[in-house]
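Breakdown of the fold
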Amino acid sequence: MSIWQASVMRVADLNGFVDHMNNTMVPKMRSVGASDVQGMRVILGGEAAGTVNVTGEWDSVDAFASAAEELEADPGYAALMQDFGVTLLRRSLMTMEVERGERAGDYGSAFYARGPVRDQDTLEANADAVWANLSEGCRGMAQFRITAGAELTGVRIVFSSGDSLDAILEASHKNLADPKIKALMDKDITPIGRVLGKRLF
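Worth saying up front: this structure is predicted, and the values here are computed from it rather than measured. (Residues numbered from 1 in each chain as written. Predicted model: local features only at pLDDT ≥ 70, side-chain atom pairs only at ≥ 80, totals over all residues. Heavy atoms only, no water.)

What about the packing of aromatic side chains?
- Enumeration over the complete set of coordinates arrives at two aromatic pairs.
- Here W4 and F144 contribute two aromatic rings whose centre-to-centre distance is 5.8 Å and whose plane-to-plane angle is 80 degrees, an arrangement assigned as edge-to-face. Of the two residues, W4 is situated in strand 1 (residues 2-11) and F144 in strand 6 (residues 140-148); the sequence distance between them amounts to 140 residues. (Phe/Tyr/Trp six-rings, centres within 6.5 Å; stacked < 30°, edge-to-face > 60°. Helix = DSSP H or I, 4+ residues; strand = E, 2+ residues; numbered from the N terminus.)

Some details on the layout of surface pockets
- Taken as a whole, the largest pocket spans an internal volume of roughly 940 Å³.
- For the lining of the largest pocket, the elements supplying multiple residues, two or more each, are strand 1, strand 2 (36-44), strand 3 (52-58), strand 4 (86-101), strand 5 (107-114), strand 6, strand 7 (155-162) and strand 8 (190-199).
- Across the lining of the largest pocket, the residue classes break down as 22 nonpolar, 13 polar and 11 charged. (1 Å grid on protein atoms, 1.4 Å probe; cavity = no way out; pocket = protein on both sides within 12 Å on 5 of 7 lines; lining within 4 Å. Points joined across faces, edges and corners; volume = space filled by probe spheres on them. Nonpolar A, V, L, I, M, F, W, Y, C, P; charged D, E, K, R; others polar.)

Notes on the pairing of strand 1
- Of all 10 residues in strand 1, nine are buried, a share of seventy percent or more.
- Where strand 1 and strand 4 come together, 10 bridges link them in antiparallel fashion. What sits directly across from V8, in strand 4, is R90.
- Note that strand 1 and strand 3 share seven bridges and pair antiparallel. Its bridge partner being in strand 3, I3 is matched across the sheet by W58. (Buried < 20%, exposed > 50% of the residue type's maximum accessible area, 1.4 Å probe, protein only. Pairing = 2+ DSSP bridges.)

A closer look at the environment of G85
- Position of G85 relative to the elements: it lies in the loop between helix 3 (75-83) and strand 4.
- Setting aside residues no more than four positions away along its own chain, G85 makes contact with R10, V11 and A12. (Contact = heavy atoms within 4.5 Å.)

Observations regarding helix 5 (residues 165-177)
- Compared with the 18 Å implied by 1.5 Å per residue over 13 residues, the 18 Å span of helix 5 between its first and last C-alpha is a close match.
- Buried within helix 5 we find L165, I168, A171, S172 and N175. Here the buried residues of helix 5 occupy an arc of 135 degrees about the axis, which is enough to place them on one side. Opposite the buried face of helix 5, by more than 90 degrees, sit the exposed residues D166, E170 and A177.
- Residues of helix 5 that are buried sit in contact with strand 2, strand 5, helix 4 (120-134), strand 7, helix 6 (179-188) and strand 8.
- With a side-chain oxygen lying 3.2 Å from the backbone nitrogen of D166, the N-terminal cap of helix 5 falls on S164. (Expected span 1.5 Å × (residues − 1). Arc of directions from axis to C-beta. Polar contact = N/O pair within 3.5 Å; in protein donor to acceptor, adjacent residues only side chain to side chain.)

Here's the deal with the sheet that holds strand 7
- Taken in spatial order, the eight strands line up as 1-3-2-8-5-7-6-4 and close into a barrel, and their pairing is antiparallel. Mean inter-strand twist for the sheet, computed between neighbouring axes without regard to direction, equals 35 degrees. (Axes fitted to C-alpha atoms, helices over the stretch in contact; angles between N-to-C directions.)

Brief notes about the pattern of salt bridges
- Within this structure, the stated rule accounts for 15 salt bridges.
- Close ionic contact of E124 with R100 constitutes a salt bridge, the shortest N to O distance being 2.7 Å. You can see E124 sitting in helix 4 and its partner R100 sitting in strand 4, a full 24 residues away along the chain.
- With a relative accessible area of 28%, E124 lands in the partly exposed category.
- Look at the salt bridges and you will find they share partners, linking R30, D36, E57, E99 and R103 into a network. (Salt bridge = Lys/Arg side-chain N within 4 Å of Asp/Glu carboxyl O.)

Considering the environment of R10
- Relative to the helices and strands, R10 is located in strand 1.
- Residue R10 is classed as partly exposed on the basis of its relative accessible area of 33%.
- Through-space distance from the C-alpha of R10 to that of V86 is 5.7 Å; in sequence the pair is 76 residues apart.
- Among all residues touching R10, those that are not within four sequence positions of it are E47, A49, G50, T51, G85, V86, T87 and L89.
- Within the structure, the side chain of R10 is placed 2.9 Å from the backbone oxygen of E47, a separation counted as a polar contact.

Okay, structure coming up:
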């Protein structure tokens, strides 16, 4: 399992923001310990539409906490917030429970649901069943559990990525209609919602 920090924000100057992230902040985040950095803009998803999600992968919570102090003291961070009209809405901590496929594709779907804590063997078996369906329209899938997110703590997110939102949704609908998956969800999983987005970096 890996640790991910997820920052949700509104951005006035999106093009400038993306350039600054690619040229300044992504390299900086990697230099202080992030093994991966991704950005996505929500294009469909109720009141979340238009928000930008920036996520970073870290070895531990302590590693991110230490890096956060250094990042927020960096001039590049101040420029990011001031020059491009960035308003930070929330920052949460997530644990990646399972992953399948590759981290690739221009589009993504984040499906939110509540469910019980499961042992790793069960998580892996369930992921295999889900990926058998999602792989028909997606290039990758990861399941996260929010471990520090105020009222969202405990919520799971199944994030799937690919080259077409139509293909991603078709595969997702097939997965939700699968009798095996439906039985699992009917037992103890409560869907909350979904957002669709386009990858920025």
